[in-house]
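Understanding the architecture of this molecule
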Amino acid sequence: MLNFDFEIKTKLYFGKGRHLETGRILSSFGAKKVLVIIGQGSVRKSGLLGEVMNTLSAEKISFYVLEGVRPNPTIDLVKDFLKFAKEYQPDFVLAIGGGSVIDTAKSICVGYYYDGNPFDFNLKKAVPNKSLPLGVILTISASGSEMSTSCVIQDDKTMIKCGFNSEYVRPTFAIENPELTYSVSPSQTAYGIVDIMMHTMERYFMPSAEIEPADRFAEGLLKSVIDASKRVIANPNDYEGRAVIMLMSSLSHNGLTNIGKTPFLLVHKLEHALSGVYPNVAHGAGLSVLFPAWADYYINIDTDKFDTFARNVFGCNNPDKLENGKEGIKCLREFFKFVGAPLTLEELNVGEIDIEKVVNVLTDGGQKVVPHYKKPLDAEIARIIYESCVR
């Protein structure tokens, strides 16, 4: 086990009706003037925004709402919102939504004290050193951004989608009411389930010690998500199922499942390149296609870990490690199909995929290699993986 520091500053308010405490919670953190960030209007139409605004008014907290965040959020919108924020001068930011809304808010929070382009943080040209405090009301269980140090933003002009990690973007608090996810569409529910599992599995398939607590956490989390997903697919209003998935969203990406390990989300890099070129591809949908394809290639490189994954997560027990690992990948594909996630690039409905363009974005025209502890992923390997899952 590696040396590590572990601190999660995000205070979690979990359970039924907790969003009705938003005003009181913000007031407890000293908020007086709040900038509210939302997506494309669903929280307004559902009445959630109105309920939250009432709680702010009750605490005499002034606020202003900015809306229009799309999936795979763009730096252009961040800049527009940031210009307003610097004029409005809030003392707190509140994101109501899923990962795209939260990451947009995170970029605003660190960009507020930065004179340059906030995308500099994503490009690793600058490092945040100050931030507005951020609160979150989660409406989609997926990205884990509500409790993470990660912020992923996209530049449509360059087709670059990338993230950075900083404690300055870890939210101060998160409010999670599983009832708010009842209305999430079946497809978005499926993509969220995949994203949660990917955050966990990507950490799992990194180097482990002989006895690795993080891996046991990961296996338990994955099995919990699988069991809860079956309940939610059968009944979208199953509170316990939605509650488990929502909580696992947060625990999958807050550092718990890589404690004592070095995390590196390689398949996320493959997906970021894909949705960077094709912004209409939902992140979870891209991951559900790419992770099994990546696994088919890397099982020959990391056979023991795939065998352990198959045994401990899906209960596969073939005595041959390679065959058992393959059975685990098969079980994973079947589960993704069960929840309604795509398994081929063709199913993403964006027309014919220009694989060379995606590979070039991933590898910076073949100049960059994506690290992996056993076999780094270069343009040739990336091309094989992308081509293997076209249809």
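Shown above is the structure to which this text applies.
Owing to the predicted nature of the structure, the values given are computational and were not obtained by experimental measurement. (Residues numbered from 1 in each chain as written. Predicted model: local features only at pLDDT ≥ 70, side-chain atom pairs only at ≥ 80, totals over all residues. Heavy atoms only, no water.)

So, about the overall build of the protein chain. Each helix and strand in the protein chain was counted, giving 15 helices and eight strands. For 391 residues, the compact-globule formula gives about 21 Å, and the C-alpha radius of gyration of the protein chain, at 20 Å, lands near that figure. Its C-alpha atoms put the protein chain at 65 × 45 × 45 Å along the principal axes. Residue burial in the protein chain is summarised as follows: out of 391 residues, 57% are buried. For the protein chain, the proportion of contacts with a sequence separation of at least 24, taken over those separated by at least 6, is 77%. When the accessible surface of the protein chain is summed, it comes to about 16,300 Å², and 50% of that surface belongs to carbon and sulfur atoms. Counting 42 positive and 46 negative side-chain charges, the protein chain places the averaged centre of each group 4 Å from the other. (Helix = DSSP H or I, 4+ residues; strand = E, 2+ residues; numbered from the N terminus. Rg over C-alpha atoms; globule rule 2.2 N^0.38 Å. Buried < 20%, exposed > 50% of the residue type's maximum accessible area, 1.4 Å probe, protein only. Contact = heavy atoms within 4.5 Å. Areas by Shrake-Rupley, 256 points an atom, 1.4 Å probe, with all protein chains shown as cover. Lys, Arg positive; Asp, Glu negative; His and termini not counted. Charge placed at Lys NZ, Arg CZ, Asp CG, Glu CD.)

On to the nonpolar core. Membership of the largest hydrophobic core comes to 61 residues, with the highest contact counts inside it found for Met197, Met201, Leu270, Trp294, Leu377 and Tyr386. Apart from residues lying up to four places away in sequence, Met197 is in contact with Leu222, Val225, Ile226, Leu332, Phe335 and Phe336. Formed by 34 residues, the second largest nonpolar core is a distinct cluster that contains Ile37, Ala105, Leu134 and Ala174. (Core = buried A, V, L, I, M, F, W, Y, C linked by side-chain atoms within 4.5 Å.)

On to helix α3 (residues 48–58). Within α3 the residues assigned to the buried category are Leu48, Leu49, Val52, Thr55 and Leu56. Projected down its long axis, α3 shows its buried positions confined to an angular sector of 125°, all on one face. Exposed residues pointing more than 90 degrees away from the buried face of α3 are listed as Asn54 and Ala58. Those residues of α3 that are buried lie in contact with α1 (22–28), β2 (33–37), α2 (42–45), β3 (62–66), β4 (92–97) and β5 (134–138). Of the residues trailing α3, Lys60 is marked for its positive phi of about 60°. (Arc of directions from axis to C-beta.)

Mapped onto the elements, Thr139 comes out in the loop between β5 and β6 (150–155). Looking at Thr139, the relative accessible area reads 10%, which means it is buried. In this structure, Thr139 is in contact with Val43, Leu48, Ile96, Gly97, Gly98, Leu180, Thr181 and Val184, ignoring residues within four places of it in sequence.

Attention now moves to unusual backbone geometry. Look at Lys124: it is not a glycine, yet its phi comes out positive at around 65°. The residue Lys124 is located in the loop between α6 (119–122) and β5 in this model. Of note, Asp364 is a non-glycine position whose phi angle comes to about 55°, a positive value. Looking at the secondary structure, you find Asp364 in the loop between α14 (355–363) and α15 (379–388). What makes Asp364 exposed here is its relative accessible area of 54%.

So, about the sheet that holds strand β8 (residues 173–176). If you walk across this open sheet you meet the six strands as β1-β8-β5-β4-β2-β3, and the pairing is parallel. Only two strands of the sheet have a single partner each, and these edge strands are β1 (11–14) and β3. Averaged over all pairs of adjacent strands, the angle between strand axes in this sheet comes to 20°, irrespective of strand direction. Set on the sheet, α3 makes contact with β2, β3, β4 and β5; between it and β3 the angle comes to about 160°. Strands β1, β5 and β8 of the sheet are contacted by helix α9 (residues 239–251), whose axis makes an angle of about 170° with β1. (Pairing = 2+ DSSP bridges. Axes fitted to C-alpha atoms, helices over the stretch in contact; angles between N-to-C directions.)

What follows is about helix α4 (residues 75–88). Taking 1.5 Å per residue as the helical rise, α4 with its 14 residues ought to reach 20 Å, and the 19 Å between its terminal C-alpha atoms agrees with that figure. Taken as a whole, α4 has its buried residues at Ile75, Leu77, Val78, Phe81, Leu82, Ala85 and Tyr88. Taken around the axis of α4, the buried residues stretch over an arc of 140°, which confines them to a single face. Residues of α4 that are exposed and point over 90 degrees away from its buried face: Asp80, Lys83 and Glu87. Check the buried side of α4 and you find it contacts β2, β3, α5 (99–111), α6 and β6. Just beyond α4, the residue with positive phi is Gln89, at close to 60°. (Expected span 1.5 Å × (residues − 1).)

The next thing to look at is the pattern of salt bridges. Scanning all chains against the criterion turns up 18 salt bridges. Between Arg70 and Asp156 there is a salt bridge, with its nearest N and O atoms 2.9 Å apart. With Arg70 in the loop between β3 and α4 and Asp156 in the loop between β6 and β7 (160–165), the pair connects residues that are 86 residues apart, well separated along the chain. With relative accessibility at 23%, the residue Arg70 sits in the partly exposed group. The class for Asp156 is partly exposed, based on a relative accessible area of 33%. The residue Arg311 makes a salt bridge to Asp307 at a minimum N-O spacing of 2.8 Å. Of this pair, Arg311 and Asp307 both sit in helix α12 (residues 303–314), four residues apart, roughly one helical turn. In this structure Arg311 comes out as partly exposed when scored by relative accessible area, which is 30%. Judged by relative accessible area, which is 5%, Asp307 ranks as buried. Ionic contacts of the salt-bridge type, sharing partners, join the residues Arg18, Glu21 and Arg24 into one network. (Salt bridge = Lys/Arg side-chain N within 4 Å of Asp/Glu carboxyl O.)

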